[in-house]
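Report on the structure
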Amino acid sequence: MDAARRVLDADVEVRGGKITAVRRRTGHGHGAGRALDCSGLILVPGLVQAHIHLCQTLFRGLADDLTLEDWLAKRIWPLEAAHTPDTVYWSAMLGAAELLLGGTTAILDMETVRHTDAAFQALEEIGLRATAGKCLMDAATNSAGLFEPTGRALQEAADLCARWHGAAQGRLRYCFAPRFAPSCTGPLLRAVSDAAEKAGAVMHTHAAETPVELELVKRATGQDEIAYLDSMGIAGPRAALAHCVWVDRESIGQMARAGTNVVHCPSSNLKLGSGIAPIPEMLAAGCHVALGADGAPCNNRLDGFEEMRLAALIQKPRLGPDALPAAKVLELATLGGARALGLEHEIGSIEVGKRADLVAVDLSGPHGQPADADLASRLVYAARAADVRHVVVDGRIVVRSGRLLTADLEEIRVKANAAARRLRRAVGL
Ligand SMILES: [Zn+2]
């Protein structure tokens, strides 16, 4: 994924967490370092998913086949309100384990209103690169279990930012995460824009996911949602807006001019029946686009390969088979995600000077053959998360031969199940 999109038969040398050389393959390691044998495998930049809710991983299978409004009000908000530090921790561990094992090395994550420290602790331990933030919900219309007064919400966000922005040698970062326009007041959105600018942090929110949401914002503000967010300072290269399904030409032009990041979540948009985001139109207008799986209860996987394949496929019935080709989708899943995290100079490609976030994929199975076919096509249309063999984040081997090295998967399974049972009991599901 360098500027020339080169495909090389090469060794990648990593020192101090950085890629220090990409050179012709010699078959043996250079110098005194350890070698991770990737012969026969395809080494790609780690996938970046720019819209995830780790706090919802325990809700997988508990909120199926509902409209977004019912999905939120009847299931997701009560479950989030029932979270404890322990359940947030195991929800994050379960989600992060799935992401790492499936070749995702970096995420932009929206947590719930409380216990965000517990999610950061899990991320610190398991070794995923993450920009995460507590969810901000200060509008009086919010469900009682999640509502917070503006000042308290902003203060906790600032405290979390001070603790976690740049932690784990820069692998962890903070984002300011208003849930979506209808759940936030104007003063909070403006304060978020200022705080993000001051901290050098990303703003992460949902936008234009359903017509109901657009109507709510229109009634409250008299403005189109994208224009309203723009007027509050939630726009530009620091902003990542998940979904953007219901956007017209004007909104698309506005996001393109501002350099706002759009995060496309095709599985989530299909499962909740939200619609198909006009991604090819956004790209043609010059918008910055990344991909994300959203949360486990609206997907129900956190599989970056699945999102790539679906992102390409869902445009084709509408615009023809040449809409959103494989190579472009691979770019959205790597460099596009890196840009949404504000890390385009750090990750997203295998290039000297970038952080070593690398994934080795095994496409020797029948579904990955023949081997001479176009590599982007094999990765986007044929590869699966289960094909991931090795994963390196920030120069550290976190998955080797399909095995998670940084946490005990069996323990995660047991503890996550117990935590999910507690949450279900708490909300009577
Ligand atoms: Zn979401």
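Quantities reported herein were computed from a predicted structural model and do not represent experimental measurements.

Spatially, the five strands line up as an open sheet ordered S3-S13-S14-S15-S16, and their pairing is antiparallel. The open sheet has two edge strands with one neighbour each: strand S3 (42–45) and strand S16 (403–404). Both strand S13 (residues 358–361) and strand S14 (residues 388–393) contribute to a ladder of four bridges, which runs antiparallel. Within S14, the position partnered with Val 359 by the bridge is Val 391.

Before going further, it helps to examine the pairing of strand S10 (residues 239–243). With five of five residues buried, S10 lies mostly within the body of the structure. Of the strand pairs in this sheet, strand S9 (residues 202–207) and S10 are connected by five bridges, and their pairing is parallel. The residue bridging His 206 from the neighbouring strand is Ala 242, located in S10. Bridge count between S10 and strand S11 (residues 261–264): three bridges; the pairing is parallel. When the sheet's bridge partners are listed, Ala 240 is paired in S11 with Asn 261. At this point the chain moves from S10, through helix H8 (residues 249–258), to the parallel S11, and the crossover so formed is right-handed.

Listed as protein donors to the zinc ion are His 51 (NE2), His 53 (NE2), His 206 (NE2) and Asp 294 (OD); their distances from the metal cover 2.1 to 2.3 Å. Here the zinc ion binds four donor atoms, and the angle range of 88 to 175° at the metal identifies the geometry as irregular. Donor residues binding the zinc ion come from one chain and are separated in sequence as H-x1-H-x152-H-x87-D. By relative accessible area, His 51 is classed as buried at 0%.

Between its first and last C-alpha, helix H12 (residues 326–340) extends 20 Å over 15 residues, near the 21 Å set by a 1.5 Å rise per residue. Burial within H12 is extensive, with 12 of its 15 residues counted as buried. One or two steps after H12, the chain reaches Gly 342, where phi turns positive at roughly 70°.

Quick notes on the rules
Residues numbered from 1 in each chain as written. Predicted model: local features only at pLDDT ≥ 70, side-chain atom pairs only at ≥ 80, totals over all residues. Heavy atoms only, no water. Pairing = 2+ DSSP bridges. Helix = DSSP H or I, 4+ residues; strand = E, 2+ residues; numbered from the N terminus. Buried < 20%, exposed > 50% of the residue type's maximum accessible area, 1.4 Å probe, protein only. Right-handed = clockwise from strand over helix to strand, strands pointing away. Donors = N, O, S within 2.8 Å, 3.2 Å for Na, K, Ca; no water. Tetrahedral: all angles 85-135°; square planar, octahedral: opposite > 155°, others 65-115°. Expected span 1.5 Å × (residues − 1).

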